[in-house]
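Remarks on the overall topology
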Amino acid sequence: MKKKGATAWIITEEHVHRRERYFMLDRDALVVDQDRDVHSYNIHLKLFVDIGRPGRQGEISKKLFTALPLDEQLDAAIVAAKQTDHQAWSLPLQFPKEVPDIKTSDPRIAEDMENVMAQLTQATGKAVARPRESRFNSAELFLSVHDSELHLSNGLRHRSSQSRIYSEAAYSYSRKKPNGAVESDEYLNTRWAVNLDDLAIDRLFDETADRARHSLDTHKPVTGHYPVIVDADVLATLFNNHLSQLSSANSYHGLPFVKPGDELVKNATGDLLTITLDPSLEYGADTGAFSESGVSQSPFRLVEKNRVIATATDKRYADYLKLPVTATRGNVVVEAGSLSHEELTRQAPKVLEILQFSGLFADPNTGTFSSEIRLAKLYENQDGKNVKTTYVKGGSLSGSFTDNLRAAKLSRNRVKRSHFSANNSRGEGYYGPEHILLSDVSIVG
Amino acid sequence: MANSTQTQRAALSSDLIALRETLLGLLPQLEAQPSWYASIFFERKRSKTFSANLKQTNIADQASAGVVFRIYDGYTLFERATDDLSAQNLNRTVAEFVQRVKNSPHPEGATLRAYPAPSWKDRLSSGELDPEIKNQIPADVTARTPVHFGIRFMEDPRKLDAGIALEKLKALLDRCQKLAPESGLKESDLTYVAARQTTADEESIFIDRGSVLSQTLLRQALTVITMSESDRTHLRVGGLGGLEAIEVEENELRTLLKDLAALKSAHKLTPGKYRVLFGPVLSGVLAHEAFGHSQEADTCARGRSKAWELYASGEKVGNEHATILNNPAIFETGGKPFAAWGSYFFDEEGWLAQSQVLLDHGRLKAPMTNLTSALRLGVARTANGKRESWANGVYTRQTNTYFSPGKKTLAGLMSELGDGFLALHPAGGMEDPKGMGIQVGISYLQEVKGGALTGRVFKGPAGGDIQLTGYTPDVLNSIVDKSKIEFDSPEPDKALHPWNDAGGCGKYHKEFVFAGCGGPYMLLDQVILG
C-alpha cells in the first residue's frame, strides 16, 4: 500500500470461524437450545501520518471494508489521522527471517471443527448422564479458530492461527427443609482453553456437580482477617492486571509504575515471586511470535525473586523513553513454590480457601481486589492437622496485591489458565502455581 | 435544512434499504419446512472514538456489520451468521444453513414448541406502546410494510468534525488542570487526565413472516478520568440521541477533582453493618443485580434462578419500596431530551420495546424473555433478546433497570440518613440468581454526620473498592425510603422515567452488552459493607 501522506501502517486481517451450542434439559432430555455457526472477516488498519511538526505524528485505528472503495477509506483515514497528535515513533527496522515454531492452534479444531463439536457434544451428554446427587442445569460449548495475518509497511508479513475453546457447566442441588420448604443453590464453572487437552471436560463437570452438592452445607464467614488460599484463576487475573505497572506505557503516561530495582511486593517475607512473560508457551492464551507493532517476541523475565529486573517496552515506548525494546506480550509464567495444596491448608489454625468468587474486581492501579464469596472451604487445624472442614458462602473479601502477598506461600503444582474477552483481541494466559496462600486478608461476614 | 437545535429523526442508511430488499427475498428459502419459524437479523455498528490525555490525542474509527439467519424448528434455535454481504454469499449461506438444519435430528424425549409469529394486529394489541414507537408505525401497516424507527436527536453527531472533537477534549483536560488547585490538588498531584468521546450509529433490520422492521440509534458517550498516583475518579455521561446527550457542566468537573483530592487522604472502612444512601447509579446496580439477572427467563429456563420458584410461590422478597422495572422504551431519561443508554425500539429478535414491572412491592412478576426462553417457560415475550454483536448468541438481557421512584427529595433523604454514608460511585456488581446472594461494588463512600457531608472519604478495608454483600431479600427489606425522579424539587415529578447511566453488563462472565442503570436515590439501613 502506497498512499501520499501515510508514513507507515500496520494491517491485521482476521478470519474467525465459531461454532457454539447451548445445552439444557427438557423433561430430562438433554437438548441443544441454540446451535450457532459464524464466519467473520475483519481488516484493521493502524495508519501513521506526518503532521508537519518535528517529533510528532498522527495516528488512527480504522476498520476497512472490502466491499467499499479502498481509496476512499484510506483518504478518509489520512485526513482524520492528521487531526491527531502523538510523539513520533517508528516501526522496527529489523525482524527475524526465521519465526520460531510455536503451538497456538489445536490441529484437531483447525482441521475439522464440526467433528470436534460432535465429539464434545457427545462428551457433554455422557457427563450429564452420569448419576449424581446434584442436578444438571445447563452447559455451553464454544469453539473458534482465529486465522490472522499481520502486514507492516516495514515489510513484515506474518501468519498465525489460534484455536479457542470455552465450556461451562451449571449444576444445582435442592433439598427440603424441616418446615417443608425447598432450599436450593447452584454452582457454575467456566473454563477457557486453547487446545482440547487443557479443557478436561469430565473434570469440569465432576467438580461443578460436587461443589453444587455442597452449596447448601454452608455458613457465613465470621468477620476478621484470615490466611486465604486462592486458585490459579484468581492468580491469572491478579498477575495479568498488576503487571501493567511494570510496563513502559504506564511509565510514559504517569500511571502507577514499578521500576527495575524495586521490590514487586514491599518487604516480602514469604515465597519470593519470579515472573516471566512467555509468548512461546505451548497453547497459551497469549502465545505469539510478534507484538502488534511487529516486534519479535521471546520469553522475557520481569521479576526475579521479588525484585523487578526489567520494564516491558514495545517499540513505541522504547523510542519515547530511549529504552531497549523488549517482549510485551506473553503468558504470565510464575515459578512454583514448595508446598502441596494440603500443606497450604494447614499453615494456620484457620485457613479459608476460596473455591469461587462471585465477581472478582481487581484494580490494576491500586493493586486491590474484592469480591463476594460464592463458595469457600474453611479448614480448622490443630497441631498442623486438619480437625474440621466446613463450607462457607456469603460475605466479602477485600485484599491488596502488595499487602496480602507479603507472606504468601505458593503451591508446588503448576497449571495453565487461559482467558479471552470481547474487548481484547489477545487472550490472557497464565502458567504457574495452582494455589497461593495469602496472609491477613480482610473478610466480612 | 434543519438547524442544529431542531429535533430530527435518524433515517435508515440508503445502502441498507437495498440490503433490506435482498434479505426479504431470502426469507422464503429459510422457511423451507412448514413447521419452521425463520427470521433474519442484520446489524451494523459504526463508531468513532476520540480521545485525549496529557501526552496525545487519538481517533479510532470502528465498524462491524453482519447478518444472522435464524431457523427455529420447534426444539432448537439454529443460527448462521456472516459478514460477507455479497448476494452470492448470502444465497450460498442460506442454502447450506437450511441443509444443516434439515440434517439435524430432533432431540429424543423433548417437547415440540411451535412458534406462530405475531401479526401486526397481535403486536399492536399486546399492551401499551410508548408514543415514540406507536407514532412511527404506519396506520395501514402490513406484514411486508417496512417500518423504520429512528431515534430523535438535536445536534447531529454524524457531522462532528474530528479536529473540533479533539480540541473540545483537550479543552476539558485543560479545564481540569486549571480547576485542580481550587479543589485542593497541587499541580503535581494530577498525574493523569484523560477524556474520551464515542459517537456511534447502530442500525439493525429484523425480518420475519409477520414484520419488516428497522431502527437507527445514535449513541453518545463521554468519559473524563482524573488520577493522582493510584487514586482515580471518573465522570461518564451518555445516552441515545445527538451531541446534546454528552454535555458536561463545570461543577461536575469540580466535583470530580474534589473527590480525587479527598481520596488522597481516604480512610479505610471497618467492615460492618451501616446506614447508607445510594445514589441513582448504585440503586440501579442494586436493581440490576437483585432481580434483574435472576428475572432473565433463559436463566430461569436453565433451572438456574430462584426467582422462577419465588414467582410461582408468591413469596415476598422485599418490602413495600422494592419495586423494580426494566424498560427499553425510555426515550427521555430523567426528563432530559435524549433516550436512556439501554433503550431501543425493538430487540434483536424483533419484539417491540415496552416497560415491564419485574418486582412489585416485594412480589415477583413474570420474567423478561427472549424467544426460546418464553416458549420454554410458557410466559409472554418481552423485548429482551439481546446479543453482544451479530457474531454472538442471543440471551435474555436487561435494558434499563431501576427502582420505581419514591416521594422524598435528596435533602429529605440526607436528613433521614442522619449518620452514615453517601455512595454515589459504582464499581461493578454480580448476581447470584440461584443462591440469592448479591454483590454491589462501590468505589468510595462519603461520610455523613447529622445529615451533612463531613468531607471525609472511605475506601474498602484493603484500600480498594467496597462491596455491599448479603442475601438479596434481606437487602431489599432494608430499603428505608426512596427519592423522587427530580430529587432536587419538592414539586411532583414531571419526568416519566428516571435518569439512567451509561453502563454495561456481562452475563455468565462474558457476553458484554450496553445496559442503562439508574433510578432514584435510595436509603438502606443495616447493610453489610466490607
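Residues numbered from 1 in each chain as written. Chains lettered and ligands numbered in written order. Predicted model: local features only at pLDDT ≥ 70, side-chain atom pairs only at ≥ 80, totals over all residues. Heavy atoms only, no water.

1. Structural notes on the overall build of chain B
Helix and strand content of chain B: 12 helices and 27 strands. In terms of overall size, chain B behaves like a compact globule, its C-alpha atoms giving a radius of gyration of 24 Å where 530 residues would be expected to give roughly 24 Å. Along the first, second and third principal axes, the C-alpha atoms of chain B reach 70 × 60 × 40 Å. Taking all 530 residues of chain B together, 64% fall into the buried category. By element, 51% of the accessible surface of chain B is carried by carbon and sulfur atoms, the whole surface being about 18800 Å². Each charge class in chain B was averaged separately, 59 positive and 63 negative side chains, and the resulting centres sit 2 Å apart. (Helix = DSSP H or I, 4+ residues; strand = E, 2+ residues; numbered from the N terminus. Rg over C-alpha atoms; globule rule 2.2 N^0.38 Å. Buried < 20%, exposed > 50% of the residue type's maximum accessible area, 1.4 Å probe, protein only. Areas by Shrake-Rupley, 256 points an atom, 1.4 Å probe, with all protein chains shown as cover. Lys, Arg positive; Asp, Glu negative; His and termini not counted. Charge placed at Lys NZ, Arg CZ, Asp CG, Glu CD.)

2. Some thoughts on the overall build of chain A
Across its full length, chain A carries 9 helices and 22 strands. Overall, chain A is about 80 × 55 × 35 Å in size when its C-alpha atoms are taken along their principal axes. In chain A, 72% of the contacts between residues at least 6 apart in sequence involve partners at least 24 apart. For chain A, the exposed surface amounts to about 18300 Å²; the carbon and sulfur share of it is 48%. Across chain A, the centroid of the 55 positively charged side chains sits 3 Å from that of the 59 negatively charged ones. (Contact = heavy atoms within 4.5 Å.)

3. Some thoughts on the pattern of salt bridges
For side chains of opposite charge, pairing can occur when their charged atoms come near one another. Throughout the structure, instances matching the rule amount to 81 salt bridges over all chains. The salt bridge partner of A:Asp217 is A:Arg213, with a shortest N-O separation of 3.4 Å. Overlapping salt bridges bring together A:Arg18, A:Glu20, A:Arg36, B:Arg70, B:Glu79, B:Glu349 and B:Arg387 as one network. (Salt bridge = Lys/Arg side-chain N within 4 Å of Asp/Glu carboxyl O.)

4. Concerning the packing of aromatic side chains
Enumeration according to the criterion identifies 24 aromatic pairs over all chains in this entry. When the ring of A:Tyr22 is compared with that of B:Tyr395, the centres are 5.1 Å apart and the planes differ by 25°; the resulting orientation is stacked. Placement of A:Tyr22 in strand S1 (residues 6–26) and of B:Tyr395 in strand S16 (residues 395–396) is noted, with the two residues assigned to different chains. The exposure class of A:Tyr22 is buried, given its relative accessible area of 1%. With a relative accessible area of 1%, B:Tyr395 lands in the buried category. Here the aromatic rings of B:Phe512 and B:Phe514 are separated by 6.5 Å at their centres, their planes lie at 80°, and the arrangement is edge-to-face. You can call B:Phe514 partly exposed: its relative accessible area is 28%. Chaining the aromatic ring pairs together yields one cluster made of A:Tyr22, A:Phe142, A:Tyr166, A:Trp192, A:Phe420 and B:Tyr395. When the ring centre of B:Trp341 is taken as origin, the NZ or CZ atom of B:Arg219, which lies over that ring, is 4.7 Å away. (Phe/Tyr/Trp six-rings, centres within 6.5 Å; stacked < 30°, edge-to-face > 60°. Lys NZ or Arg CZ within 6 Å of the ring centre and 35° of its normal.)

5. Quick notes on the interface of chain A and chain B
Across the boundary between the two partners, chain A contributes 76 residues, which contact 83 residues of chain B. When the two sides are added together, the surface that chain A and chain B hide from each other amounts to roughly 6300 Å², 46% of it contributed by carbon and sulfur. The interface formed by chain A and chain B contains 12 salt bridges. Linking A:Arg374 and B:Asp432 is a salt bridge whose minimum nitrogen-to-oxygen distance equals 3.7 Å. In this assembly, chain A and chain B are joined by 48 residue pairs in polar contact (both at pLDDT 80 or more). Looking at the side of chain A that touches chain B, its residues break down into 22 nonpolar, 30 polar and 24 charged. (Buried area = accessible area lost by both parts, 1.4 Å probe. Polar contact = N/O pair within 3.5 Å; in protein donor to acceptor, adjacent residues only side chain to side chain. Nonpolar A, V, L, I, M, F, W, Y, C, P; charged D, E, K, R; others polar.)

6. Observations concerning helix H4 (residues 201–213) of chain A
All names here are of chain A. Taking 1.5 Å as the rise per residue, H4 with 13 residues should run 18 Å; its terminal C-alpha atoms sit 18 Å apart, in good agreement. Of the residues making up H4, those classed as buried are Ile201, Leu204, Phe205, Thr208, Ala209, Arg211 and Ala212. Buried residues in H4, looked at end-on, bunch into an arc of 165°, giving them a common side. Packed against the buried residues of H4 are helix H3 (113–129), strand S5 (135–152), strand S6 (157–176), strand S7 (182–193), strand S14 (350–357) and strand S16 (368–382). (Expected span 1.5 Å × (residues − 1). Arc of directions from axis to C-beta.)

7. Points about helix H6 (residues 250–263) of chain B
An ideal rise of 1.5 Å per residue puts 20 Å on 14 residues; H6(B) measures up with 20 Å between its terminal C-alpha atoms. Taken as a whole, H6(B) has its buried residues at B:Leu253, B:Leu256, B:Leu257, B:Asp259, B:Leu260, B:Ala261, B:Ala262 and B:Leu263.

8. Remarks on unusual backbone geometry
Negative phi values dominate among residues other than glycine, just as trans dominates among peptide bonds. Residues and elements named next belong to chain B. Look at Glu229: it is not a glycine, yet its phi comes out positive at around 55°. Structurally, the position occupied by Glu229 is in the loop between strand S8 (211–228) and strand S9 (231–240). In this structure, Gln526 is a non-glycine residue whose phi angle is positive, near 55°. Turning to its location among the elements, Gln526 is positioned in strand S27 (residues 522–529).

9. Quick notes on the pairing of strand S3 (residues 56–64) of chain A
Residues and elements named next belong to chain A. Of all the 9 residues making up S3, 8 are buried; the element is thus mostly covered by neighbouring parts of the structure. Two strands pair when backbone bridges link them, and strand S2 (residues 29–50) and S3 are joined in this way by 8 bridges, in the antiparallel orientation. Bridged to Asp50 within S3 is Gln57. In this structure, the hairpin formed by S2 and S3 is closed by a connection of 5 residues, where Gly52 is found at a positive phi of approximately 75°. (Pairing = 2+ DSSP bridges.)

10. What to know about the sheet that holds strand S26 (residues 510–518) of chain B
Residues and elements named next belong to chain B. Taking strand neighbours across the sheet as the criterion, the 6 strands line up as S14-S13-S12-S17-S26-S25 in an open arrangement whose pairing is mixed. In this open sheet, the two strands that pair with only one neighbour each are strand S14 (363–364) and strand S25 (500–507). Pairing analysis gives 3 bridges linking strand S17 (residues 400–403) to S26, with the strands arranged parallel. Note that in S26 the partner of Thr401 across the bridge is Cys517.

11. Description of the domain arrangement of chain A
Residues and elements named next belong to chain A. The domain architecture assigned to chain A consists of domain 1 (6–216) and domain 2 (219–444). Here the C-alpha centroids of domain 1 and domain 2 sit 23 Å apart. If you look at the interface, domain 1 gives 39 residues, while domain 2 gives 35 residues. Interface area, domain 1 with domain 2, both sides summed: about 3200 Å², of which 57% is carbon and sulfur. At the junction of domain 1 with domain 2, the criterion picks out 5 salt bridges. Inspection of the domain 1/domain 2 interface yields 13 residue pairs in polar contact (both at pLDDT 80 or more). Of all elements in the fold, only strand S4 (86–87), S5, S6, S7 and H4 reach the threshold of two or more residues within the side of domain 1 that touches domain 2. A total of 7 residues in the side of domain 1 that touches domain 2 trace back to one element, the largest contributor, which is S7. (Domains from an automatic or database assignment.)

12. Thoughts on the side chain of B:Gln136
All names here are of chain B. Residue placement: Gln136 occurs in the loop between helix H4 (131–134) and strand S5 (146–150). Using a relative accessible area of 13% as the deciding quantity, one classes Gln136 as buried. From its side chain, Gln136 meets the backbone oxygen of Glu132 in a polar contact 2.8 Å long. A polar contact is formed between the side chain of Gln136 and the backbone nitrogen of Gly150, at a distance of 2.8 Å. Setting aside residues no more than four positions away along its own chain, Gln136 makes contact with Arg9, Val147, His148, Phe149, Gly150 and Phe345.

13. With respect to the environment of A:Leu255
For A:Leu255, the position within the fold is in the loop between helix H6 (248–253) and strand S10 (275–278). On the basis of relative accessible area, A:Leu255 is assigned to the buried category, the value being 18%. Along the sequence, A:Leu255 and A:Leu397 sit 142 residues apart, while their C-alpha atoms lie 26 Å from each other. Ignoring anything within four residues of it in the chain, the contact list for A:Leu255 reads A:Asn250, B:Tyr192 and B:Met227.

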